[in-house]
Amino acid sequence: MNVSDTEILMSVLNKAGYQRTMELEGADVVFLMTCAIREKAEDKIWNRLTHLKTLKTKSRPGRPPMVGVLGCMAERLKEKLLESDKLVDVVCGPDGYRSLPRLLSLRALSADGVANVMLSADETYADITPVRLDANKISVHLSIMRGCNNMCSFCIVPFTRGTERSRNIDSIVDEVRQLSQQGIREVTLLGQNVNSYRDTSQSEAFDTAGYGSDLSRGFNTIYKRKEGGRRFAELLHRVAQVDPEMRIRFTSPHPKDFPDELLYAIRDNANVCRNIHLPLQSGSTSCLERMRRGYSREAYLDLVKHIRSVIPDVTFSTDIIAGFCGETEAEHQDTVSVMQQVGFDLAFMFAYSMREKTHAHRKYQDDVPADVKSRRLQEIIATFHESAKARNQRFVGSQGLVLYEGLTKRHSRPFGSDDYGHKVFLDLPPTLSVQPGQYVRVHVDSASSTSLSATAESTTTLAEYYAGQPQIGFGA
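Notes on the structure in this doc start here. Just so you know, these numbers come straight off a predicted model, no measurement behind them. (Residues numbered from 1 in each chain as written. Predicted model: local features only at pLDDT ≥ 70, side-chain atom pairs only at ≥ 80, totals over all residues. Heavy atoms only, no water.)

### A look at unusual backbone geometry
Short version of the rule: The helix count covers DSSP runs of H or I at least four residues long, the strand count covers runs of E at least two residues long, and both are numbered beginning at the N terminus.
A cis amide bond links Thr251 with the next residue in sequence, Ser252, at an omega value of 0°. Phi at Met151 is positive, roughly 55°, even though this residue is not glycine. Within the secondary structure layout, Met151 lies in the loop between strand 6 (145-146) and helix 6 (157-161).

As structure tokens, then:
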């Protein structure tokens, strides 16, 4: 999300006459794009600001750069940022990027810092074409909605990003079409709760409404859902139809918003990747209730089973929190057991970090000791790696399709990604010429818990590959 926001920011500033520099020492303005989901992310920003203080006061006292803090942390900590040794000049929340040229002008005329952290009920930046940070990349993130209505008790997002609002379907499909023409081979549809997308705009090209509006079986919300509008299943299908050779992914969804129509859209479009991100957070029903997630352990496992019945070769990634407020050892073990039952191919695992303004901050105590959180997190990480390594062995010896991305930065090793969310390291024969953005037919040689290694056999197209090898190979 921060990358997407930065690309919107670049478009706004370029239009106002600013140009990006890669040299910190020569910059007139330095922006820090921030996240407020976990305390560790905020700590990094405070450390970075301390480093920039040296640049402002010692290295360039005669021409100090303006320093701006943007994004979720800006909205949450406006007063503290502006009062912190007068270090920050501009504070701008995620809905205020259009105002940045004006804020910079105001700061140049004033001795005091300036801010715009107002949340918007309708800002989606739909009319702004992002400036891609890396013009050579073959994959991009495309923001389709902003904000979140779920109000999970641990989450700060509704307070820093506001309520849900969706871009109109025409602007999204048009942008995907433009990206295809630019040679982009993979688009990830992006949103805080991406599969709750709901577009109520008028559209002459897309007049279907209400398709795929049901909740997942056994799931509920704490807010009153709005009826009508085009839903995510419709959008995903329309986007996939733009270019059959362009891969489509989406993140980050909520498990409640997986109606059958969405599963069919994934199943029936070969270019929609078969990895589904399905945030678990906890495997304990009682802990999920305190988190206000809107589902039980049983409902989550039933959803996994149902998805696999519709998309047999699906893989799952997830988010897991260790040591949420009041978490008992039995609740922790419930999480471990769900991980073992599902068998995730990728997981983002963190110790709980309490955030101000959240329901948990108002109602609960962060009462799990740090050493217990750390131990439980390590058990969760170990469970993931053990399970993922075992599951990934099913790919060894099989054929696969990889989108070639180039060479790794660290070791200049050829790599790409498959449909299932795996990074794939490639052995390229000297006789095979491959360019980033091409699809490669591979033979999988080995697997770890986080990646596959494969030998490239030939270049191909997505349509050609799946015409001969339908996506039904791997199940539970």
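### Considerations on a nonpolar patch on the surface
To keep things clear, this is the line we draw: To count toward a patch, a residue needs a relative accessible area above 30% and no salt bridge. Like charges then connect within 9 Å, nonpolar side chains (Val, Leu, Ile, Met, Phe, Trp, Tyr) within 5 Å. What sets the accessible areas is the Shrake-Rupley method with a 1.4 Å probe; for residues, cover comes only from the shown protein chains. The term salt bridge refers to a pairing of a side-chain nitrogen on Lys or Arg with a carboxyl oxygen on Asp or Glu at a separation within 4 Å.
The grouping of Leu346, Phe348 and Phe350 at the surface amounts to a nonpolar patch, some 230 Å² of accessible area in total. Considering the arrangement of structural elements, one finds Leu346 in strand 14 (residues 346-351).

### Section: the side chain of Arg165
Note the threshold: Whenever a nitrogen or oxygen atom comes within 3.5 Å of another N or O atom, the pair is scored as a polar contact, on the condition that within protein one atom can donate a hydrogen and the other can accept it, and that pairs from neighbouring residues in sequence are kept only if both atoms are in side chains.
Tracing the sequence through the fold places Arg165 in strand 7 (residues 165-166). A polar atom in the side chain of Arg165 sits 3.0 Å from the backbone oxygen of Glu123.

### What about the packing of helix 7 (residues 169-181) against helix 8 (residues 232-242)?
Any two packed helices are characterised by the angle at which their axes cross and by the distance between the axes. Rules: Helix axes are fitted only over the stretch in contact, all axes being lines through C-alpha atoms; the angle between N-to-C directions runs from 0 to 180 degrees. Reported orientations rely on four angle classes, namely roughly parallel under 35 degrees, roughly antiparallel over 145, roughly perpendicular from 65 to 115, and oblique for the rest. Take the far helix as the reference: if the near one is turned anticlockwise from it by less than a right angle, the crossing is left-handed, and if turned clockwise, right-handed. Any two residues whose heavy atoms approach within 4.5 Å at even a single point are treated as in contact. Residue classes follow a fixed rule: Ala, Val, Leu, Ile, Met, Phe, Trp, Tyr, Cys and Pro count as nonpolar, while Asp, Glu, Lys and Arg count as charged, and any other residue, Gly among them, counts as polar.
Where helix 7 contacts helix 8, the axes come no closer than 9 Å and their chain directions differ by 25°. With respect to each other, helix 7 and helix 8 are oriented roughly parallel. Helix 8 is crossed by helix 7, and the crossing has right-handed handedness. Mapping the contact onto sequence places Ile169, Ile172, Val173, Val176 and Arg177 in helix 7 and Glu234, Leu235, Arg238, Val239 and Val242 in helix 8. Counted by class, the contact of helix 7 with helix 8 contains seven nonpolar, no polar and three charged residues.

### What to know about the pairing of strand 14
What counts is decided by this rule: For two strands to be treated as a pair, DSSP must find no fewer than two bridges joining them. If the strands point away from the viewer and the path from the first strand over the helix to the second runs clockwise, then the crossover is right-handed.
Relative to strand 14, strand 13 (residues 315-322) runs parallel, the two sharing six bridges. Considered in strand 14, the bridge of Ile320 is made with Met349. Taken together, strand 13, helix 12 (residues 329-342) and strand 14 constitute a β-α-β crossover, and its handedness is right-handed.

### Some remarks on the nonpolar core
Soluble globular proteins tend to bury their nonpolar side chains together. Selection rule: In this description, a nonpolar core means a group of buried Ala, Val, Leu, Ile, Met, Phe, Trp, Tyr and Cys residues linked to one another through side-chain atoms lying within 4.5 Å. Here's how the labels work: a residue is buried when its accessible area is under 20% of the maximum for its type, exposed when over 50%, partly exposed in between, all with a 1.4 Å probe on protein chains only.
Formed by 71 residues in total, the largest nonpolar core has its most connected members in Ile144, Leu189, Phe232 and Leu236. Counting residues per element, this core draws most heavily on helix 11 (residues 297-310), at seven residues. If we skip the residues at most four places from it in the chain, Phe232 touches Ile144, Leu189, Val194, Asn195, Tyr197, Phe250 and Leu262. Formed by 19 residues, the second largest nonpolar core is a distinct cluster that contains Val67, Met73, Ala74 and Leu87.

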